[in-house]
Amino acid sequence: MSRERPLVLDLDETLIHSQHDGVIRQMVRPGTPPDFILRVTIDRHPVRFFVHKRPHVDFFLDITSQWYELVVFTASMEIYGAAVADKLDNNRGILRRRFYRQHCTMDFGSFTKDLSAISRDLSIFILDNSPGAYRSYPDNAIPIKSWFSDPYDTALLNLLPVLDAPEVYQRCPVGAQSQPASSEQLVACCCW
Ligand SMILES: [Mg+2]
């Protein structure tokens with residue numbers, strides 16, 4: 001597999017979940033400590049983000065960075081997205097290419113990610129919990145369920161066989177149940 005093939009990764013509810021000061025509706029069980037806290041200034045106001053990493057995200061990044069060029073593409077503001085990406089990268093140099101809200105287009109009330117900004121050759125995968133993000137590129141999409149707090153979530157682990165050998169998996173329309181190319185293949189994820 002060529003490591004030049006881009007794998008586009010969303011951040012929020014795909015790789016991490018975060019809450020900021022003053023959030024009304026907590027998605028994380030009270031008392032659950034964050035993996036890291038970011039202090040970001042937005043509109044001259046200091047804001048703390050309490051960031052929880054999806055289970056197995058470090059291992060997922062370790063492995064997939066050997067197979068793909070990882071590209072962060074978040075609809076969040078750059079000042080926040082860059083800080084999250086820095087933390088996830090952890091000085092490994094595997095999340096160098098990054099795209100933020102300013103690289104998205106607003107479409108039907110949600111942010112859509114323009115994959116042509118990443119590569120003219122659209123042999124790209126995009127892993128994102130929001131279908132609106134890849135509305136223009138359904139053939140490139142790897143859907144993943146939104147993650148908020150489940151400590152037993154294995155969605156990232158389950159995707160590794162698919163990402164290791166995507167050619168053996170039969171593509172289905174987005175939203176349909178995935179089917180492996182042969183009965184011997186494990187169904188590695190629920191929606192690809
Ligand atoms: Mg997201």
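Our subject in this report is the structure included herewith. (Residues numbered from 1 in each chain as written. Predicted model: local features only at pLDDT ≥ 70, side-chain atom pairs only at ≥ 80, totals over all residues.)

**Details of helix α3 (residues 155-164)**
Right, on to step 1. The complete set of buried residues in α3 reads Ala-155, Leu-156, Leu-159, Val-162 and Leu-163. All buried residues of α3 lie within an arc of 105° about the axis, which places them on one face of the element. (Buried ≥ 20, exposed ≤ 12 C-beta atoms within 10 Å, placed from the backbone. Helix = DSSP H or I, 4+ residues; strand = E, 2+ residues; numbered from the N terminus. Arc of directions from axis to C-beta.)

**A closer look at the sheet that holds strand β3 (residues 36-42)**
Right, on to step 1. Across the sheet, which stays open at both edges, the three strands sit in the order β2-β4-β3 with antiparallel pairing between neighbours. Where the open sheet ends on each side, the last strands, each with one partner, are β2 (16-20) and β3. Neighbouring strand axes in the sheet, compared pairwise and without regard to direction, differ in orientation by 30° on average.
Right, on to step 2. As defined by bridge partners, β3 adjoins strand β4 (residues 45-53) across seven bridges and the pair is classed as antiparallel. Paired with Phe-36 across the bridge in β4 is Val-51.
Right, on to step 3. The strands touched by helix α2 (residues 78-89) are β2, β3 and β4; relative to β3, the strand with the most contacts, the crossing angle is about 155°. (Pairing = 2+ DSSP bridges. Axes fitted to C-alpha atoms, helices over the stretch in contact; angles between N-to-C directions. Contact = placed C-beta atoms within 7 Å.)

**Thoughts on the pairing of strand β9 (residues 125-128)**
Right, on to step 1. The alternating pattern of β9 places Phe-125 and Leu-127 and Ile-126 and Asp-128 on opposite faces, both of which are buried.
Right, on to step 2. When strand β1 (residues 6-9) meets β9, the two strands line up parallel, connected through three bridges. Across the sheet, residue Leu-9 finds its bridge partner in β9, namely Leu-127.
Right, on to step 3. As paired strands, β9 and strand β10 (residues 141-143) are joined by three bridges and run parallel to one another. Residue pairing across strands places Asp-128 opposite Pro-143, the latter belonging to β10.

**Looking at α2**
Right, on to step 1. Taking 1.5 Å per residue, 12 residues should reach 16 Å; α2 reaches 16 Å between its end C-alpha atoms and fits that length.
Right, on to step 2. Where α2 is concerned, the buried positions are Tyr-80, Gly-81, Val-84, Ala-85 and Leu-88. Considered in projection along α2, the buried side chains sweep an arc of 125° and stay on one side of the axis.
Right, on to step 3. Buried residues belonging to α2 abut β2, β3, β4, α1 (57-64), β5 (69-73) and β6 (97-99).
Right, on to step 4. Two residues or fewer after α2 comes Asn-90, characterised by a positive phi angle close to 55°. (Expected span 1.5 Å × (residues − 1).)

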